[in-house]
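Below are the chains, spelled out letter by letter.
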Amino acid sequence: NKPPYVMIINKFSQFMRNYFCFTYFKKYILETSKDRKILHLLDFWVDYYLYKLHLKKPNILKKTDLIIHAYYLYCNYFKRDKINESSYNCLDIPIDHLDLIEKASQKGFCMARTELDKIYDEAFGYINNKLYNIYCNMLSSKSEQRQLTSIFLHTEFDEVKEGVINESESYV
């Protein structure tokens with residue numbers, strides 16, 4: 001009989017999709033990490049997540065929108081610097097992941113939706129693993145666990161209070 005927020009805190013994928021958790025995680029990284037490039041990893045995580053959501057809406061988004069989104073990810077996170085060919089926009093990922101992305105960019109991302117769906121998967125997996133390691137370090141701290149629990153307890157209290165207010169207004 002654990003509260004629902006315990007499940008969110010203990011499952012990384014749910015943790016990252018929860019606004020409170022994600023914001024807390026970002027704050028934790030800002031306070032503890034000397035490497036600000038990790039925040040760029042978080043930015044990619046969000047943009048990739050939105051990209052995957054767009055891919056799942058074939059009847060809402062046109063293929064050209066997906067190509068634009070794929071190109072956006074490429075330019076913001078993977079495009080080679082013209083001055084320094086070995087440099088990429090801050091994301092440090094294995095070269096084989098970059099090669100796949102680079103090949104797709106040379107085609108202008110004009111490919112089938114199923115191919116667009118897989119372009120960034122390996123890079124995301126690598127970045128997700130880096131973020132997961134930071135998450136594990138964060139949760140190994142008892143004080144961080146208490147702070148997260150406190151945030152959720154206050155959030156749940158506010159939701160309950162909101163429900164009580166709405167319920168009492170219906171009786172008037």
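Trainee: I'd like to hear about the overall build of the protein, residue by residue, with values.
Mentor: For the protein, the count of helices and strands is nine helices and zero strands. Shown N-terminal to C-terminal, the secondary structure of the protein runs as helices and strands in the order α-α-α-α-α-α-α-α-α. The buried share among the 172 residues of the protein stands at 35%. When contacts within the protein are restricted to residue pairs at least 6 apart in sequence, long-range pairs at least 24 apart make up 63% of them. A total accessible area of about 10,900 Å² is found for the protein, and carbon and sulfur atoms account for 56% of it.

Trainee: Lay out the packing of aromatic side chains with the relevant residues and their values.
Mentor: Across all of its chains, the model carries 21 aromatic pairs by this definition. Residues Trp45 and Tyr49 carry aromatic rings whose centres are separated by 5.5 Å and whose planes lie at 10° to one another, so their mutual orientation is stacked. Of this pair, Trp45 and Tyr49 both sit in helix 4 (residues 37-55), separated by four residues, roughly a single helical turn. Overall, the relative accessible area of 6% leaves Trp45 in the buried class. A centroid spacing of 6.3 Å and a plane angle of 75° characterise the contact between Tyr71 and Phe109, whose relative ring orientation is edge-to-face. Taken as a pair, Tyr71 in helix 5 (residues 63-77) and Phe109 in the loop between helix 6 (95-106) and helix 7 (113-116) lie far apart in primary sequence, 38 residues in all. On the accessibility criterion, Tyr71 (41% relative accessible area) is partly exposed. The exposure class assigned to Phe109 is buried, which follows from its relative accessible area of 0%.

Trainee: Kindly report on the environment of Phe20, identifying the contributing residues and their values.
Mentor: Within the secondary structure, Phe20 is located in helix 3 (residues 19-32). On the accessibility criterion, Phe20 (38% relative accessible area) is partly exposed. It is 8.3 Å that separates the C-alpha atoms of Phe20 and Phe152, two residues lying 132 residues apart in sequence.

Trainee: Give a description of the packing of helix 4 against helix 8 (residues 121-139) that names residues and reports values.
Mentor: For the pair helix 4 and helix 8, the least separation of the axes is 10 Å and the interaxial angle reads 130°. Classified by the interaxial angle, the pair formed by helix 4 and helix 8 is oblique. Seen from above, helix 4 lies across helix 8 with left-handed handedness. Every residue of helix 8 that contacts helix 4 at Ile38, Leu41, Leu42, Phe44, Trp45, Tyr48 and Lys52 is listed here: Asp121, Ala123, Phe124, Ile127, Asn128, Lys130, Leu131 and Ile134.

Trainee: Can you explain the pattern of salt bridges? Please cite residues and give values.
Mentor: Under the defined criterion, the tally for this structure stands at three salt bridges. In this structure, the salt-bridge partner of Glu31 is Lys27, at a minimum N-O distance of 3.5 Å. With Glu31 and Lys27 both in helix 3 and four residues apart, this pair spans about one turn of that helix. Shared partners join several salt bridges into a network, and the residues in it are Lys52, Asp117 and Asp121.

Trainee: A description of the side chain of His69 should follow, citing residues and the corresponding values.
Mentor: By the element assignment, His69 lies in helix 5. His69 has contacts with Asp47, Leu50, Tyr51 and His54, leaving out every residue within four places of it along the chain.

Procedures and definitions
Residues numbered from 1 in each chain as written. Predicted model: local features only at pLDDT ≥ 70, side-chain atom pairs only at ≥ 80, totals over all residues. Heavy atoms only, no water. Helix = DSSP H or I, 4+ residues; strand = E, 2+ residues; numbered from the N terminus. Buried < 20%, exposed > 50% of the residue type's maximum accessible area, 1.4 Å probe, protein only. Contact = heavy atoms within 4.5 Å. Areas by Shrake-Rupley, 256 points an atom, 1.4 Å probe, with all protein chains shown as cover. Phe/Tyr/Trp six-rings, centres within 6.5 Å; stacked < 30°, edge-to-face > 60°. Axes fitted to C-alpha atoms, helices over the stretch in contact; angles between N-to-C directions. Parallel < 35°, antiparallel > 145°, perpendicular 65-115°, else oblique. Left-handed = near helix turned anticlockwise from the far one by under 90°. Salt bridge = Lys/Arg side-chain N within 4 Å of Asp/Glu carboxyl O.

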